[in-house]
Amino acid sequence: SQQGEEDPQALSIQEGENATMNCSYKTSINNLQWYRQNSGRGLVHLILIRSNEREKHSGRLRVTLDTSKKSSSLLITASRAADTASYFCATDRVFGNEKLTFGTGTRLTIIP
Amino acid sequence: GAVVSQHPSRVICKSGTSVKIECRSLDFQATTMFWYRQFPKQSLMLMATSNEGSKATYEQGVEKDKFLINHASLTLSTLTVTSAHPEDSSFYICSASDSTRGSYNEQFFGPGTRLTVL
């Protein structure tokens, strides 16, 4: 499967600042999701955005989707030390039988 | 709800031995389970998809005779790494979905199993 790409690969910001991560993918999709993974742990589902949606909010999270550019962004506002983790986007394809293709991930470090 | 467990969380084995990893859906029936592999500081790569009662579908490049997957019930899938070698050392994560839940079959992820082959 072809992976999407995320940038930046790593991001360090001060606590309280906003963090923006980008994800690009290669095929037509049904949905795009963002997950968080703390070191050595499983994945926590953050938010799902459908292909016919352009923006979605959940608490301090804001996700955008541009299907024409095959890209998405995740914005975390007012970052906290607990937000330190790796963040992955994942897409499922049209007629893809629910299989998820994960991006390369962004390692976010929040500096207290 | 929608909790997925994995056992063991960590396992260390000698080269040449086989290791079995269990993935259980605790509060829902998992019609489909997925197995992923993750190397350090890398992304998740799908290894195979299994549907209850049928043979698993493996991704290109994944050896089905080396990574045996069994999905014998709606709450349990197992991944057996046969004749493990050091290059099989990795973080293995399962996920489960229930196709009866609605239009979108969300995957719920287990906490992962860290395999180290000496």
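See above for the structure.
Note that residues are indexed from 1 along each chain, following the sequence as it is written. In the order they appear in the text, chains get letters beginning with A and ligands get numbers beginning with 1. Under the rules for a predicted model, residues below a pLDDT of 70 receive no local features and side-chain atom pairs below 80 are neither given nor counted, while totals for whole chains, interfaces and linings still include all residues. Side-chain metrics in this entry use all non-hydrogen atoms of the structure; hydrogen atoms and water are not considered.

Novice: Where do I start with the packing of aromatic side chains in this structure?
Specialist: Aromatic rings in a pair are described by how distant their centres are and how their planes are angled relative to each other. A pair of Phe, Tyr and Trp rings is counted when the ring centres sit within 6.5 Å of each other, with Trp represented by its six-membered ring. The angle between the planes then sorts it: under 30 degrees is stacked, over 60 is edge-to-face, the rest tilted. What the rule picks out here adds up to seven aromatic pairs over all chains. Summarising the aromatic geometry, the rings of Tyr35 of chain A and Phe102 of chain A are spaced 5.7 Å apart at their centres and angled 45° between planes, so their arrangement reads as tilted. Within this pair, whereas Tyr35 of chain A is found in strand β4 (residues 29-37), its partner Phe102 of chain A is found in strand β10 (residues 100-102), the two being separated by 67 residues in sequence. Think of it in three bands: residues with accessible area under 20% of the maximum for their type are buried, residues over 50% are exposed, and the middle band is partly exposed, with areas taken using a 1.4 Å probe on protein chains only. A relative accessible area of 1% places Tyr35 of chain A in the buried class. The exposure class assigned to Phe102 of chain A is buried, which follows from its relative accessible area of 1%. Where Phe102 of chain A meets Phe109 of chain B, the ring centres are 6.0 Å apart and the plane angle is 80°; that geometry is what we call edge-to-face. Of this pair, Phe102 of chain A sits in strand β10 while Phe109 of chain B sits in strand β10 (residues 108-109), placing the two residues on different chains. Taking relative accessible area as the criterion, Phe109 of chain B reaches 11% and is therefore assigned buried. Where helices and strands are cited, they refer to DSSP runs of H or I of at least four residues and of E of at least two residues respectively, numbered from the N terminus.

Novice: Is there a simple way to explain the interface of chain A and chain B in this structure?
Specialist: Many structure descriptions define interface size as the accessible area lost when the parts assemble. Any two residues whose heavy atoms approach within 4.5 Å at even a single point are treated as in contact. Facing 22 residues of chain A, the contacting portion of chain B comprises 23 residues. Each salt bridge in this description consists of a side-chain nitrogen of Lys or Arg and a carboxyl oxygen of Asp or Glu lying within 4 Å of one another. One can count one salt bridge joining chain A with chain B. The partner of Glu59 of chain B in a salt bridge is Lys99 of chain A, with the nearest N and O atoms 2.9 Å apart. If you list the elements that add at least two residues to the side of chain A that touches chain B, you get β4, β5 (43-50), β9 (85-93) and β10 of chain A. Only Asp, Glu, Lys and Arg are considered charged in this grouping, and only Ala, Val, Leu, Ile, Met, Phe, Trp, Tyr, Cys and Pro are considered nonpolar; every other residue, Gly among them, is considered polar. Residue composition of the side of chain A that touches chain B, grouped by class: six nonpolar, ten polar and six charged.

Novice: Can you walk me through the sheet that holds strand β8 (residues 76-81) of chain B in this structure?
Specialist: Within a sheet, neighbouring strands are paired by backbone hydrogen bonds and run either parallel or antiparallel to one another. All names here are of chain B. For two strands to be treated as a pair, DSSP must find at least two bridges joining them. Read from one edge to the other, the open sheet built from four strands follows the order β1-β3-β8-β7, with strand pairing classed as antiparallel. At either end of the open sheet lies a strand with only one pairing partner, and these are β1 (4-7) and β7 (67-73). This sheet shows a mean twist of 15° between the axes of neighbouring strands, independent of strand direction. Direction of pairing for strand β3 (residues 19-25) relative to β8: antiparallel, over a ladder of six bridges. Bridging from a neighbouring strand, Val19 pairs with Val81 of β8. Axis geometry follows a simple rule: fit a line to the C-alpha atoms, using only the stretch in contact for helices, then measure angles between N-to-C directions, giving values from 0 to 180 degrees.

Novice: Quick question: what am I supposed to make of the pairing of strand β7 (residues 61-66) of chain A here?
Specialist: One face of the sheet, then the other: side chains in a regular strand alternate in exactly this way. Residue and element names in this part refer to chain A. Across four bridges, strand β6 (residues 55-58) lies against β7 in antiparallel orientation. Note on β7: the bridge partner recorded for Lys56 is Val63. By the bridge criterion, six bridges tie β7 to strand β8 (residues 71-76) in an arrangement that is antiparallel. Each bridged residue has a counterpart across the sheet, and for Leu61 the counterpart in β8 is Ile76.

Novice: Where do I start with the nonpolar core in this structure?
Specialist: For soluble globular proteins, the rule of thumb is that nonpolar side chains tend to be buried together. In terms of nonpolar packing, the biggest core is built from 25 residues, with Val4, Phe28, Trp35, Leu79, Tyr92 and Leu115 of chain B touching the most fellow members. Elements supplying a minimum of two residues to this core: β2 (10-13), β3, β4 (32-38), β5 (44-51), β7, β8, β9 (90-97) and β11 (113-117) of chain B. Those residues in contact with Leu79 of chain B that lie beyond four places of it in its chain are Val19, Lys20, Ile21, Trp35, Phe67, Leu68, Ile69 and Tyr92 of chain B. Throughout, nonpolar core names a set of buried Ala, Val, Leu, Ile, Met, Phe, Trp, Tyr and Cys residues whose side chains join them through atoms within 4.5 Å. One finds Leu11, Ala19, Leu74 and Tyr87 of chain A within the second-largest nonpolar core, a separate group that totals 22 residues.

Novice: Is there a simple way to explain the environment of Glu6 of chain A in this structure?
Specialist: Residues and elements named next belong to chain A. Looking at where Glu6 falls in the secondary structure, it is placed in strand β1 (residues 5-7). Spatially, the C-alpha atoms of Glu6 and Arg41 are 20 Å apart, while their sequence positions differ by 35 residues. Those residues in contact with Glu6, other than ones at most four positions away along the chain, are Asn22, Cys23, Trp34, Tyr87, Phe88, Cys89, Gly103, Thr104, Gly105 and Thr106. Among the polar contacts listed, one links the side chain of Glu6 to the backbone nitrogen of Cys89, at a separation of 2.9 Å. Definition of a polar contact: a pair of N or O atoms within 3.5 Å, with one able to donate and the other able to accept a hydrogen when the atoms are protein atoms, and with sequence-neighbouring residues admitted only if both atoms are side-chain atoms.

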